[in-house]
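Each chain, letter by letter, is given below.
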Amino acid sequence: MSRRRTMRRAATAVALLLLCAPAAYAAERSQKAEIAHDGQEFDEVERGLYLATVGDCAACHTVPGEKPYAGGRAIDTPFGTLLAPNLTPDRATGIGAWSDDDFVSAVQDGRGHGGQRLYPAMPYPYFTKMSRADVLALRAYLGALEPVHNAVRANQLPFPFDIRASMIGWNWLFFTPGRFVPVIGKSDEWNRGAYLVEGPGHCGACHTEKNFLGGDETSRALQGGAIQGWYSPNLTGDPRRGLGGWSVDEVVEYLKTGHNRTGAATGPMSEVIADSTSHLTDEDLKAIAVYLKDRPAPQSAPTPVAASDPAMRVGAAIYVDECQACHRAAGTGVANLFPAMKDNPVVQSADPTTLIRVLLHGTQNVATDAAPTGASMPAFGWKLTDAQAAAVLTYIRNSWGNAAPAVSAGDVGNGRQQRLSEGVP
Amino acid sequence: MTQKLPATDAVIIGLGWTGSIMAEALTRAGLNVVAIERGPWRDTATDFPTTYAQDELRYHIRHDLFLRPAQETMTFRNNAGQTALPIRTWGSFMPPNGVGGGGVHWNAETWRFLPSDFQLRSHLTQRYGAKFLPADMTIQDWGVTYDDLEPHYDKFEYLCGTSGKAGNIKGANQEGGNPYEGARTRDYPTPPQKQPYGPSLFADAARSMGYKPFPQPSGNLSQAYTNWLGVTLGPCTYCGFCEWFGCGNYSKASPQTTLLPVLVRRPNFEARTRCEVVQINLDKSRKRATGVTYVDVNGKSWEQPAGLVLLCAFQLFNVHLLLHSGIGAPYDPQTGTGVIGRNYSYQVTSSVNAFFDNQNFNPFISSGAIGMCIDDYNGDNFDHGPHGFVGGGYMGAVQTNGRPILTTPTPKGTPSWGAAWKKAAAEHYLSTYQFVTHGSCYSYRDAYLDLDPTYTDRLGRKLLRITFDFHENELKMSQYITDRLADIVQKLQPRTMEKNPRKGPYTTTIYQTTHTCGGAVMGSDPKTSAVNRYLQSWDVSNLFVPGASAFPQNAGYNPTDTVCALAFWAADALVNQYLKSPGPLVQA
C-alpha cells in the first residue's frame, strides 16, 4: 500500500472518529482489550460460538452433513447463485491467513482479504452494527474449528453481477456502515434486543422487503419480505399481521420451540429456529421480543371480506371438508401440532405467498427438543383448483375475526408455477 | 458376497411398535442403535395424508400398507394330515410392512389383560381342577404377573395418550370403568372418546340387565395430548378410517405419532429401510449372537455386527427368523418337545348383526376404538364350571367404521350384487348395527409353526408353515358369549337379528383379526418356552424377542397394549440389568 493511500485512509478514519464519537469510544475500548488478544480465551471462543449461533452463520457456510463452516453451500439470490466461502482456519482455502483486521473489515464493511468486495448476501449491512469485540470473538470461535481444505469459488453470478467492483456503487446507495448505538431512554433489555435484531441476528435480511437491486426498503424495515418463494412475515408490533397479538412470552416460546398458541415455524424459519433461536438464552429471546413488539406498526387496517362474498361461501365449505379436521372449526388449531388460523399473523399477512405455497405444496413444521413433533401439512395442490384454493385462503384470512385482502385465483396460479428452491424445507 | 459393516451396540430387526420402544430405551441409555426395516419409511403427511387417507379402495381393498405376499408369505393348513399351501392374498390377518408396522394400521383398541390371564394354567387348575382342561390344551403361565407389567402398561398408555375410564385405581372401584380390570396406579391419560348412538343404546340395555358397561380404551384420542417424550397428538375426528389405514390427523397412537419424532433426532439412532434381515448370526458356541445379515433393495448382502440383537418383527416373522437362524429347538408336535413354533394361537371373534326399523346409527361417525363394552364374560370373570369350556371375551357395540365399500350390511338372503342388493344396502346402511365379541384363543399341542418342506420365498428360504384350527373349547366359548351378547341386543328390540358365533374350520381367507400369537413364547421353563420372563432367548443371551410371539396363549382382548407393556418391561430389564451385567437374566 502506498504511503499516500495510507495517509488518505488515516485522514478518513480521523474524520469518521469525529463524526461518530460514541462508536469511536466503543472501538477504542475494544481495541484496548485487543492488546492481549490471541483468540485463545475460552470465554471469547464460547461467546463467538454463541454469536455464530445468533447469526446462524452455518445456514450459509455449512453444507448440511458436511464439515462445519467449510463453505460451498449455494445461496440463491435474485441475481444468481453464490457459494458461501470456507470460514475454517485453513490457510489456503479458508480464513486462516487473514489478519484480525481483514476479518473485521469483511464482517463490518463487506471488504474481505485484500480488499475484495463481498456481495451483500453476506449480511454485512447488518453485521456492521456489531462491536469489534464481538466480531473478534466470532473469529476466535472460527479459529478454533478444524481447518478444512475446501476451495470455494464463491462468485457464480452471471455478468454483470459477477463484477465485484459493482458493489462499490451498491454500498454507496444502500450500505450505511457504523456500529450499534444504544438508544437513550430505552431499557438495557430493549437495546440488547435491538442489537441482536439489527446486528448479528440480521432479521431484516429476510423480514425487510428488498428493492430491485436487493437493498433494504428501510422505510419498511421488518414489515415483511419475500424470500426464496416464501414471504417472511411482518415482525413489528402490528396487532394483526405482526407480533402485536403475541405476548412477549409467546414470542419467546415461538423462538425457543418453533411453536406457540397460534403459530408453527416452517420454511426457512424452521432452520433459523432449529439452528439459531432455540439455542439462545431466555434473556436474549425476551430482549428480542421486547424490541420487536415495540417496532411501530404500519398505519393501515384491512377491512374483512364479507362472509356473504361468494368466495367466502365456497371457502367455508372447503374449509369444513378439507381443513377443519386439524385446524378445528373455530380455527384454533392444536398447540404444538396444527397452527391456529384465527389470530395467526401469517394467515393475515399482506402478501399471501407463504399461505399459497403451504396449501399447494405442503410443508413440515420445525421440530425442536422442546417441541419435537414436527407435524406436516400435506399438499393440496393436486386436489384444489386455483379458484378453490383462492376461496379457502380468502376464507381463512377473513374468518374468526381475521381480516386480510382476498386471494385471487391468479395469485394461486402464480404460486403453482413457483420453482421450489432446492434444499429449502 | 456379504460385506461386513462396522459393529454397532444394538441392532433392531423391524421398526414397528416394539422396535421403536426398544430403540427409544436403548438410545436413551446411550447405545448406538441400528434399526433394520424390511419395508419403506412411512410418514403421516407423505404416506397417508388427510387429503387421501380415507381411500378404502387403496388401503383396504388393495392392501396399500401391508406386506406383499410376493415379498414374503407363509403356507397354511388346518392340521398335520393336510398339505399346506402358500397364502397368496392376505385374508384372515394382515401382516404389516414398513416403519411403524402394525402400529400404523391398527384400530388402537388398547386393552390390558386380566391378572388371571398371566397365570392362566395355575389359576384355572386351582379353580376347576386339572381335569377341567382339554388334555391337548397347552396353555401355561407367562412367567410375569400383571403387577410386574402394570408400570409398563402405564408407560405405554401414557406414551399413547390412551382415552378411557379406569375401573380400578389401586384397588378402589371406579364407577363407569371396567370393574374386572387389574388395579391401575392412575386413570387413563385422557378421558374416553364420545360415544355415538349405538354404543349408548347398548350400554343402557346392558346396564338394565345388571352388567357394568364402560367405554372401550382407545388410542384414537378424545383430545390433544403431549406424551412424556414431548410429542403431541391431535384429537380424533371420528372419521372411521383406522384399522387398515394410517391416521392423517396425528390422532391415532402409532410409532409415528409418539416415538419416531424423538428417535430421528437422536444421533445414536439409525434406521435402514427396505433392508430385510435374512439371518441372525451366531458365534461358534451358538450361545451368542454376533449380529445380523441383511439384504438391501439392490439385493446386496450386508453383515451388521452388533453386541445385542432385538428381534422386533411381526409375530410370524419373529418365529420364521428364529427357525432360519437355528436358534432354539424347533417344536415337534409328535413328541411335544422343542419350543420354536410351539403354542401358536389366534383370536376368536364373533358378531351379532341387528336390523332395526326406525333407527339411525350414523355408522360413519366412528373411530377404531370407540364403543361401549362389558367384560362380564371375559377370561375367568364368570364361573365356567357349568359350561364345559374355558376362556371368554369382551363384547359390545364397537363402532369402528361405516365405510362405503365393505360396511354395507344386508340381511341374510340378500343377493350379493345387482338392483336388489343396492336397494337392501341403501335400506340397511343407517339402521343396522353389528355388535361384536372378542374372544380368547388358547393353545394346543397340534397348533404350531414350522418351516414348510416345499415352498420357498424369493430369497430361497423355506416359508413359514402355519398348522392351525379352532378347537371345540373355543367354538363352545364363542357360541356361549355370542348368545349372551344376543340377549343384550334383544333388549333393543331389533326387527331381526343374526348371530354369527365363530365356526370351524379356521380359514385364512376371511378377515377376522391380525392377532396371531405365540411360537416363541415366554415362560419360566426353557423346555416349554423360547424366551424367559424378560423376553431374553434361553439359548442366546444377547438376543431378545419382544412381540405377540411371546404370548403362550391369547386372551380375550386386543394384544397391542400387552405387546408394548412387555416391550417396556423387557427394555427396562435390558437397560437396568443386562447392560450392567450381560448374560442370562434368569438361570435355566
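Residues numbered from 1 in each chain as written. Chains lettered and ligands numbered in written order. Predicted model: local features only at pLDDT ≥ 70, side-chain atom pairs only at ≥ 80, totals over all residues.

Novice: Looking at this model, I keep getting lost on the overall build of chain A. Mind explaining?
Specialist: Scanning chain A from N- to C-terminus turns up 17 helices and six strands. Buried residues in chain A amount to 45% of all 425 residues. For chain A, restricting intrachain contacts to residue pairs at least 6 apart in sequence, the fraction spanning at least 24 positions comes to 66%. (Helix = DSSP H or I, 4+ residues; strand = E, 2+ residues; numbered from the N terminus. Buried ≥ 20, exposed ≤ 12 C-beta atoms within 10 Å, placed from the backbone. Contact = placed C-beta atoms within 7 Å.)

Novice: Mind showing me how you'd approach the overall build of chain B here?
Specialist: Check the secondary structure of chain B and you find 13 helices and 22 strands. Relative to a compact globule of 588 residues, whose C-alpha radius of gyration would be 25 Å, chain B shows 23 Å and is just as compact. Projected onto the principal axes, the alpha-carbon positions of chain B cover approximately 70 × 55 × 50 Å. Relative to its 588 residues, chain B shows a buried fraction of 56%. (Rg over C-alpha atoms; globule rule 2.2 N^0.38 Å.)

Novice: I'm lost on unusual backbone geometry in this one. Help?
Specialist: Where the residue is not glycine, phi is negative for most of them; where a peptide bond is considered, it is trans in most cases. Cis geometry is adopted by the peptide bond preceding B:Pro505, which originates at B:Gly504 and carries an omega value of -10°. Inspection of the secondary structure assignment puts B:Pro505 in the loop between strand S21 (496-500) and strand S22 (543-544).

Novice: Looking at this structure, how should I read the packing of helix H3 (residues 42-54) of chain A against helix H7 (residues 132-143) of chain A?
Specialist: Two packed helices can be described by the angle between their axes and the distance between those axes. Residue and element names in this part refer to chain A. Direction vectors running N to C along H3 and H7 enclose 100°, while the axes themselves pass 7 Å from each other. By the angle between their directions, the pair H3 and H7 is classed as roughly perpendicular. Side by side, H3 and H7 meet where Glu44, Val45, Arg47, Gly48, Leu49, Leu51 and Ala52 of the first sit next to Asp134, Ala137, Leu138, Arg139, Ala140 and Tyr141 of the second. A breakdown of the residues in the contact of H3 with H7 according to their chemical character gives eight nonpolar, one polar and four charged. (Axes fitted to C-alpha atoms, helices over the stretch in contact; angles between N-to-C directions. Parallel < 35°, antiparallel > 145°, perpendicular 65-115°, else oblique. Nonpolar A, V, L, I, M, F, W, Y, C, P; charged D, E, K, R; others polar.)

Novice: Got a minute to help me understand the interface of chain A and chain B in this structure?
Specialist: Frequently, the measure chosen for interface size is the accessible area that the parts lose on association. Counting from both sides, the interface comprises 19 residues of chain A and, opposite them, 18 residues of chain B. Looking at the side of chain A that touches chain B, the elements with two or more residues in it are helix H14 (310-327) and strand S6 (376-377) of chain A.

Novice: Could you clarify how one ought to interpret the domain arrangement of chain A in this entry?
Specialist: Residues and elements named next belong to chain A. As assigned here, chain A comprises domain 1 (1-32), domain 2 (37-174), domain 3 (188-293) and domain 4 (310-417). Facing 21 residues of domain 2, the contacting portion of domain 3 comprises 20 residues. Across the side of domain 2 that touches domain 3, the residue classes break down as 14 nonpolar, three polar and four charged. (Domains from an automatic or database assignment.)

Novice: What am I meant to see in H7(A) here?
Specialist: Think of an α-helix as turning once every 3.6 residues; residues three or four places apart then point the same way. For H7(A), spanning twelve residues, the distance from its first C-alpha to its last is 16 Å, which sits close to the expected 16 Å at 1.5 Å a residue. Most of H7(A) is tucked away, with eleven of its twelve residues classed as buried. (Expected span 1.5 Å × (residues − 1).)

Novice: Quick question: what am I supposed to make of the sheet that holds S21(B) here?
Specialist: Hydrogen bonding along the main chain pairs the strands of a sheet, whether they run parallel or antiparallel. All names here are of chain B. The strand order across the open sheet built from six strands is S8-S16-S17-S18-S15-S21, with neighbouring strands paired in antiparallel fashion. Only two strands of the sheet have a single partner each, and these edge strands are strand S8 (214-215) and S21. Where strand S15 (residues 348-355) and S21 come together, five bridges link them in antiparallel fashion. Each residue of the ladder has a partner; that of Ser351, found in S21, is Asn500. Along the sheet, helix H7 (residues 197-208) contacts strand S16 (372-374), strand S17 (393-397) and strand S18 (432-439); its crossing angle with S16, the most-contacted strand, is approximately 30°. (Pairing = 2+ DSSP bridges.)

Novice: Hey, could you run me through helix H13 (residues 560-578) of chain B in this one?
Specialist: Over its 19 residues, H13(B) runs 25 Å from end to end, which matches the ideal 27 Å to within 8%, given 1.5 Å per residue. For H13(B), the buried fraction is high: 14 of the 19 residues fall into the buried class.

Novice: For this particular structure, what's the right way to read the nonpolar core?
Specialist: Nonpolar side chains in soluble globular proteins tend to end up buried together. Ranked by internal contacts, the top residues of the largest apolar core, which has 201 residues, are B:Ile12, B:Ile13, B:Ile36, B:Val309, B:Leu310 and B:Ala550. The leading source of residues in this core is H13(B), at eleven residues. Non-local contacts of B:Leu310, meaning those with residues more than four positions away in its chain, are made with B:Ala10, B:Ile12, B:Ile13, B:Met22 and B:Phe544. Core analysis: the next-biggest nonpolar cluster, separate from the first, contains 62 residues, A:Ala52, A:Val135, A:Phe180 and A:Trp246 among them. (Core = buried A, V, L, I, M, F, W, Y, C linked by C-beta atoms within 7 Å.)

Novice: Looking at this structure, how should I read the packing of helix H16 (residues 386-397) of chain A against helix H17 (residues 409-417) of chain A?
Specialist: All names here are of chain A. Two elements in contact, H16 and H17, have axes whose closest approach is 8 Å; the angle formed by their N-to-C orientations is 110°. Comparing their axes, H17 and H16 come out roughly perpendicular. Viewed along their axes, H16 and H17 form a crossing whose handedness is right-handed. Contact residues: Asp386, Ala387, Ala389 and Ala390 in H16; Ala409, Asp411, Val412, Gly413 and Arg416 in H17. Within the contact of H16 with H17, the residues separate by chemical class into five nonpolar, one polar and three charged. (Left-handed = near helix turned anticlockwise from the far one by under 90°.)

Novice: Looking at this structure, I do not really get the sheet that holds strand S4 (residues 74-77) of chain B. What am I missing?
Specialist: All names here are of chain B. Strand order in this open sheet of four strands is S5-S4-S20-S19, and the pairing throughout is mixed. Each edge of the sheet is formed by a strand with only one pairing partner; in this case those strands are strand S5 (85-86) and strand S19 (448-456). In terms of strand pairing, S4 meets strand S20 (residues 462-467) through four bridges, oriented parallel. Paired with Met74 across the two strands is Leu464, which belongs to S20.

Novice: How should I be thinking about the environment of B:Arg465 in this particular structure?
Specialist: Residues and elements named next belong to chain B. Locating Arg465 in the fold gives a position in strand S20. Residue classification places Arg465 among the buried positions, given that 23 C-beta atoms sit within 10 Å. Taking the C-alpha atoms as reference points, Arg465 and Lys170, separated by 295 residues in sequence, lie 44 Å from one another. Aside from chain neighbours lying at most four places away, what touches Arg465 is Met74, Thr75, Ala84, Leu449, Asp450, Leu451 and Asp452.

Novice: Where do I start with the pairing of S15(B) in this structure?
Specialist: For a regular strand, side chains alternate in direction, first toward one face of the sheet and then toward the other. Residue and element names in this part refer to chain B. For S15, the tally of buried residues reaches six of eight residues, placing the bulk of the element in the interior. Sheet topology note: the S15/S18 ladder contains eight bridges and is antiparallel. Of the residues in S18, the one forming a bridge with Ala354 is Tyr433.

Novice: What's the story with the confidence of the model for chain A in this structure? I'm lost.
Specialist: Regions with low pLDDT carry predicted coordinates that are not meant to be interpreted in detail. All names here are of chain A. In the predicted model, chain A carries a mean pLDDT of 87, and 89% of its residues have values of at least 70. Averaged over each element, pLDDT in chain A is lowest for helix H1 (residues 3-19) (42) and highest for H16 (98). In the predicted structure, residues 1-29 sits below a pLDDT of 50 and forms ten contacts with residues beyond four places in sequence or in another chain. Here residues 421-425 scores under 50 on pLDDT; set against residues more than four positions off or in separate chains, the count is nine contacts. (pLDDT = per-residue confidence, 0-100.)

Novice: What am I meant to see in the environment of A:Pro268 here?
Specialist: Residues and elements named next belong to chain A. Examined against the element boundaries, Pro268 turns out to sit in helix H12 (residues 268-275). For Pro268, a count of 17 C-beta atoms within 10 Å puts it in the partly exposed group. Along the sequence, Pro268 and Gly229 sit 39 residues apart, while their C-alpha atoms lie 9.7 Å from each other.

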